[in-house]
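Here is how the chains run, residue by residue.
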Amino acid sequence: MRDKLKKQEQKRRINIQETAVSEQANLLPTLVLGAGAWGTALAMAMARNGHETWLWGRDKLHCAEMQTSRENAKYLPGIAFPDALSVVDDVHKALQNCGHVLISVPSKAFVESLQMIKPVLAATTPVSWATKGLAPDTGELLYDVARSVLGENHPLAVISGPSFAAEVAANLPTAFTVASEDGDFAKQLAGLFHSPTLRVYTTYDVLGVQIGGTVKNVLAISAGISDGLGYGANARAALITRGMAEIRRLAAALGAETETLFGLSGIGDLILTCTDDQSRNRQLGLAIGRGLSVDDAVKFVGKTVEGMHAAREVMLRARQADIEMPIVEQVCKILFEGYDPRESVQALLCREQKAELTPPVN
Ligand SMILES: NC(=O)C1=CN([C@@H]2O[C@H](COP(=O)(O)OP(=O)(O)OC[C@H]3O[C@@H](n4cnc5c(N)ncnc54)[C@H](OP(=O)(O)O)[C@@H]3O)[C@@H](O)[C@H]2O)C=CC1
Ligand SMILES: O=C(CO)COP(=O)(O)O
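Only a predicted model underlies this, so the values are computations on that prediction, with no experimental measurement involved.

Before going further, it helps to spend a moment on the sheet that holds strand β6 (residues 156–160). Within a sheet, adjacent strands bond to each other through the backbone by hydrogen bonds, running parallel or antiparallel. What the eight strands build is an open sheet, ordered β3-β2-β1-β4-β5-β6-β7-β8; its pairing is mixed. Each end of this open sheet is capped by a strand with a single partner; those strands are β3 (85–87) and β8 (198–203). Averaged over all neighbouring strand pairs, the angle between strand axes comes to 25°, with direction disregarded. Sitting on the sheet, helix α6 (residues 142–150) touches β5 (127–129) and β6, and the angle it makes with β6 is about 150°. Set on the sheet, helix α9 (residues 206–228) makes contact with β5, β6, β7 (174–179) and β8; between it and β6 the angle comes to about 35°.

And the structure:
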């Protein structure tokens, strides 16, 4: 009897192991759409774990260069591709044969990417993205956009957190979050990245993760402006803290979990991008604070600056939810209404006196 139970237990364990392996195998090969800094770094992270990973970029010449040199010299020069990473040029064939698609293009190209994959992708292939931002013009969350374009059958996930592409590509210690309403998919996806240098957490709160990853870019512009004006460490810390209060208000109004905003995709990413000059959003703010016009600052940075696109949409969502986001509002005024950054700081400082915390009402 005991032997029979032992055999049954062994069989159960083998089954669990086989399920885990086959579940992971279902996600393989992974096709990464977008051969920019972040798409390439994520593709390299998966491939370093031995996962078969295909990288596709829209520029054929760039793809050919990557195939020959085995690096992405345009975005991450000097870091060799792992063996399990291949650059593909036939995106339709790759979409038909992959086990999972990871989209890593700027938010302005997100819908276009979904529309490209929709007619070719198998009915239930999981789709994830590392794009941070909202849909241009409508301010829709990318999760909602993906659901409406792809329908109900594809498991969806969002990758977000404090993670500069160059550091991930250089294999420096990093942690980020994978959010999905489908817990199994979240675990599988996290498993593709997890390594001794990359710690990946999972959550179901897709809303909170998207809000944190979007608004922090706008706040990083504000921190850059303040530092560019020479306002110092106190002002930066105040912007980060009061910026966090704005993120929390929006998250609460939209129904996200407050706890998420205190995690990697919230405060973690906010601190990273507001304080480190690798952030392109912070770089834009610094250039404006140091006296460049917005147009010249955009040209000077010359890279993807998601906060510039998100600012207006975040403000739109705040107005719809009837909440105050004074820092985001001033960033919008500087970016789109020609406000002098010094006047905007004054406007923030001159706001009516407020309580940080009020006693609970019995
Ligand atoms: N870089 C980072 O450290 C991190 C970035 N992110 C987020 O990832 C997203 C992508 O950023 P990142 O990789 O840095 O940006 P990059 O500017 O480095 O690269 C963008 C990539 O998207 C491609 N692209 C642009 N438009 C289209 C389109 N219409 N169709 C297909 N591909 C297109 C570009 O192609 P081409 O080269 O031909 O222009 C390029 O390969 C952003 O939302 C960003 O916020 C998130 C975390 C970290
Ligand atoms: O989102 C990022 C790191 O988590 C990258 O920030 P930037 O887009 O400001 O460079």
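Once you've had a look at it, read on.
Another aspect to go through is the packing of α9 against helix α15 (residues 306–321). Here α9 crosses α15 at 110°, and the two axes come no closer than 8 Å. The angle between α9 and α15 places the two elements in the roughly perpendicular class. Of the residues in α15, those touching α9 at Thr214, Val215, Asn217, Val218 and Ile221 are Glu306, Gly307, Met308, Ala310, Ala311 and Val314.

Right, let's get into the site of ligand 1. Within the structure, ligand 1 sits among 22 residues, and Tyr75, Ala165, Arg280, Thr304 and Glu306 are positioned closest to it. Measuring from an oxygen atom of ligand 1, one finds a backbone N or O atom of Ala35 at 3.4 Å. Contact distances for ligand 1 include 2.9 Å between a nitrogen atom and a side-chain N or O atom of Glu112. Within the complex, 89% of the 900 Å² of free accessible area of ligand 1 lies under protein. Residues that form the shell around ligand 1 fall into these classes: 10 nonpolar, five polar and seven charged.

Before going further, it helps to spend a moment on the UniProt feature "domain: Glycerol-3-phosphate dehydrogenase NAD-dependent N-terminal" (unreviewed entry) in the chain. Annotation from UniProt places "domain: Glycerol-3-phosphate dehydrogenase NAD-dependent N-terminal" (unreviewed entry) at residues 32–185. As annotated, residues 32–185 has a helix share of 35% and a strand share of 18%, and its two end C-alpha atoms lie 17 Å apart.

What follows covers the UniProt feature "active site" (unreviewed entry) in the chain. The UniProt entry lists Lys216 under the feature "active site" (unreviewed entry), expressed in the numbering used here. The residue Lys216 is located in helix α9 in this model. For Lys216, a relative accessible area of 4% corresponds to the buried category. When sequence neighbours within four positions are dropped, the list of residues in contact with Lys216 reads Lys132, Ile247, Asp269, Leu270 and Thr273.

Reading the values: the criteria
- Residues numbered from 1 in each chain as written.
- Chains lettered and ligands numbered in written order.
- Predicted model: local features only at pLDDT ≥ 70, side-chain atom pairs only at ≥ 80, totals over all residues.
- Heavy atoms only, no water.
- Pairing = 2+ DSSP bridges.
- Helix = DSSP H or I, 4+ residues; strand = E, 2+ residues; numbered from the N terminus.
- Axes fitted to C-alpha atoms, helices over the stretch in contact; angles between N-to-C directions.
- Contact = heavy atoms within 4.5 Å.
- Parallel < 35°, antiparallel > 145°, perpendicular 65-115°, else oblique.
- Near = heavy atom within 4 Å.
- Polar contact = N/O pair within 3.5 Å; in protein donor to acceptor, adjacent residues only side chain to side chain.
- Areas by Shrake-Rupley, 256 points an atom, 1.4 Å probe, with all protein chains shown as cover.
- Nonpolar A, V, L, I, M, F, W, Y, C, P; charged D, E, K, R; others polar.
- UniProt positions renumbered as here; feature names shortened; annotations may be inferred.
- Buried < 20%, exposed > 50% of the residue type's maximum accessible area, 1.4 Å probe, protein only.

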